[in-house]
Amino acid sequence: MTRAAKTATETSGDAVWTGRELAAVRDRLHGEIEELSAEVARAESQIASGDISDSAGDDQADAGAKTYEREREIALTLNARDLIAQNERAIVRIDAGTYGVCESCHKPIGKERLQAFPRATLCVSCKQREERR
């Protein structure tokens, strides 16, 4: 699709969301929040249990592997928390009536973009401009 066609799609009438569509997006976001919260709880439990475990007698390779796994779990947990915050922010935008509006140029974000990535806060053009910086 050409840039002009994408822009036309983003600003066309398909950007208007029905109440039913918004309710479905809200349900999807809530479902993701529940899944991510469960992942965070599981990861935090694993991280905590790893802190208590006895590592006496481990050689350097074992200690390094444990450290790598712990750091990986921490990174995944931080990523999940960030996604939870993005989902919560999208729900707030739904409640405020600003869902689907670009936070930069204030034009509608294309429905297809939001269906693929419901946490999007920028239209394709503004996101591309941001990524070039």
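See the structure shown above.
Criteria and thresholds
Residues numbered from 1 in each chain as written. Predicted model: local features only at pLDDT ≥ 70, side-chain atom pairs only at ≥ 80, totals over all residues. Heavy atoms only, no water. Helix = DSSP H or I, 4+ residues; strand = E, 2+ residues; numbered from the N terminus. Buried < 20%, exposed > 50% of the residue type's maximum accessible area, 1.4 Å probe, protein only. Contact = heavy atoms within 4.5 Å. Areas by Shrake-Rupley, 256 points an atom, 1.4 Å probe, with all protein chains shown as cover. Salt bridge = Lys/Arg side-chain N within 4 Å of Asp/Glu carboxyl O. Core = buried A, V, L, I, M, F, W, Y, C linked by side-chain atoms within 4.5 Å. Phe/Tyr/Trp six-rings, centres within 6.5 Å; stacked < 30°, edge-to-face > 60°. Expected span 1.5 Å × (residues − 1). Disulfide = S-S within 2.5 Å. Patch = residues over 30% accessible without salt bridge, like charges linked within 9 Å, V, L, I, M, F, W, Y side chains within 5 Å. Lys, Arg positive; Asp, Glu negative; His and termini not counted. Charge placed at Lys NZ, Arg CZ, Asp CG, Glu CD. Polar contact = N/O pair within 3.5 Å; in protein donor to acceptor, adjacent residues only side chain to side chain.

Got a minute to help me understand the overall build of the protein chain in this structure?
The helix and strand inventory of the protein chain stands at 5 helices and 0 strands. Traced from its N-terminal end to its C-terminal end, the protein chain shows the element sequence α-α-α-α-α. When the 133 residues of the protein chain are sorted by exposure, 26% land in the buried category. Excluding contacts between residues fewer than 6 apart, the proportion of contacts in the protein chain whose partners are at least 24 apart in sequence is 63%. Counting every atom, the protein chain has about 8,700 Å² of accessible surface; 53% of that belongs to carbon and sulfur.

Help me out: how do you make sense of the pattern of salt bridges in this one?
Once their charged atoms are close, side chains differing in charge can pair, the charge on each being opposite to the other. Summed over the entire model, instances satisfying the criterion amount to 10 salt bridges. For the salt bridge of glutamate 21 with lysine 111, the shortest nitrogen-to-oxygen distance reads 2.9 Å. With a gap of 90 residues between them, glutamate 21 in helix α2 (residues 19-52) and lysine 111 in helix α4 (residues 111-116) connect regions that are remote in the sequence. Overall, glutamate 21 belongs to the partly exposed group, its relative accessible area being 26%.

Is there a simple way to think about the nonpolar core in this case?
For soluble globular proteins, the rule of thumb is that nonpolar side chains tend to be buried together. The biggest cluster of nonpolar side chains holds 19 residues, and the ones touching the most others in it are Val25, Leu29, Tyr99, Cys102 and Leu114. If you list the elements that add at least two residues to this core, you get α2 and α3 (60-96). Leaving out residues up to four positions away in the same chain, leucine 29 has contacts with Asn87, Ala90, Ile91, Ile94, Pro118 and Arg119.

Mind showing me how you'd approach the packing of aromatic side chains here?
Any pair of aromatic rings gets described here by the distance separating the centres and the angle formed by the planes. Overall, the coordinates contain 1 aromatic pair when judged by the stated rule. Between tryptophan 17 and tyrosine 99 the ring centres are 5.6 Å apart and the planes differ by 70°, which places this aromatic pair in the edge-to-face class. Of this pair, tryptophan 17 sits in the loop between α1 (3-11) and α2 while tyrosine 99 is found in the loop between α3 and α4, placing the two residues 82 residues apart along the sequence. Take tryptophan 17 and tyrosine 99: they sit in the same class, and that class is buried.

Can you help me understand α3 in this one?
It helps to recall that an α-helix has 3.6 residues per turn; residues three or four apart then point in one direction. A rise of 1.5 Å per residue sets the reference length of α3, with its 37 residues, at 54 Å; its end C-alpha atoms lie 54 Å apart and thus fit the reference within 8%. For α3, the set of buried residues is Glu73, Thr77, Ala80, Ile84, Asn87, Ala90, Ile91, Arg93 and Ile94. Glycine 97 sits one or two positions beyond α3 and adopts a positive phi of about 80°.

Any chance you could explain the state of the cysteines here in plain terms?
In protein chemistry, a disulfide is the covalent bond that joins the sulfur atoms of two cysteines. Within the structure shown, the criterion is met by 0 disulfides. Summary of cysteine pairing: cysteine 126 is not part of a disulfide, and the nearest cysteine sulfur, belonging to cysteine 123, is at 3.6 Å.

Help me understand a positive patch on the surface, please; the structure alone is not making it clear to me.
A cluster of basic residues, Lys107, Arg129, Arg132 and Arg133, forms a positive patch at the surface. Topologically, arginine 133 is positioned in the segment after α5 (124-132).

How should I be thinking about the side chain of asparagine 87 in this particular structure?
As for its placement among the helices and strands, asparagine 87 is situated in helix α3. Within the structure, the side chain of asparagine 87 is placed 3.2 Å from the side chain of glutamate 32, a separation counted as a polar contact.

Please explain unusual backbone geometry as it appears in this structure.
A negative phi angle is the norm for most residues apart from glycine, just as the trans form is the norm for most peptide bonds. Positive phi, close to 65°, is recorded for histidine 106, a residue that is not glycine. You can see histidine 106 is positioned in the loop between α3 and α4. Judged by its relative accessible area of 60%, histidine 106 is exposed.

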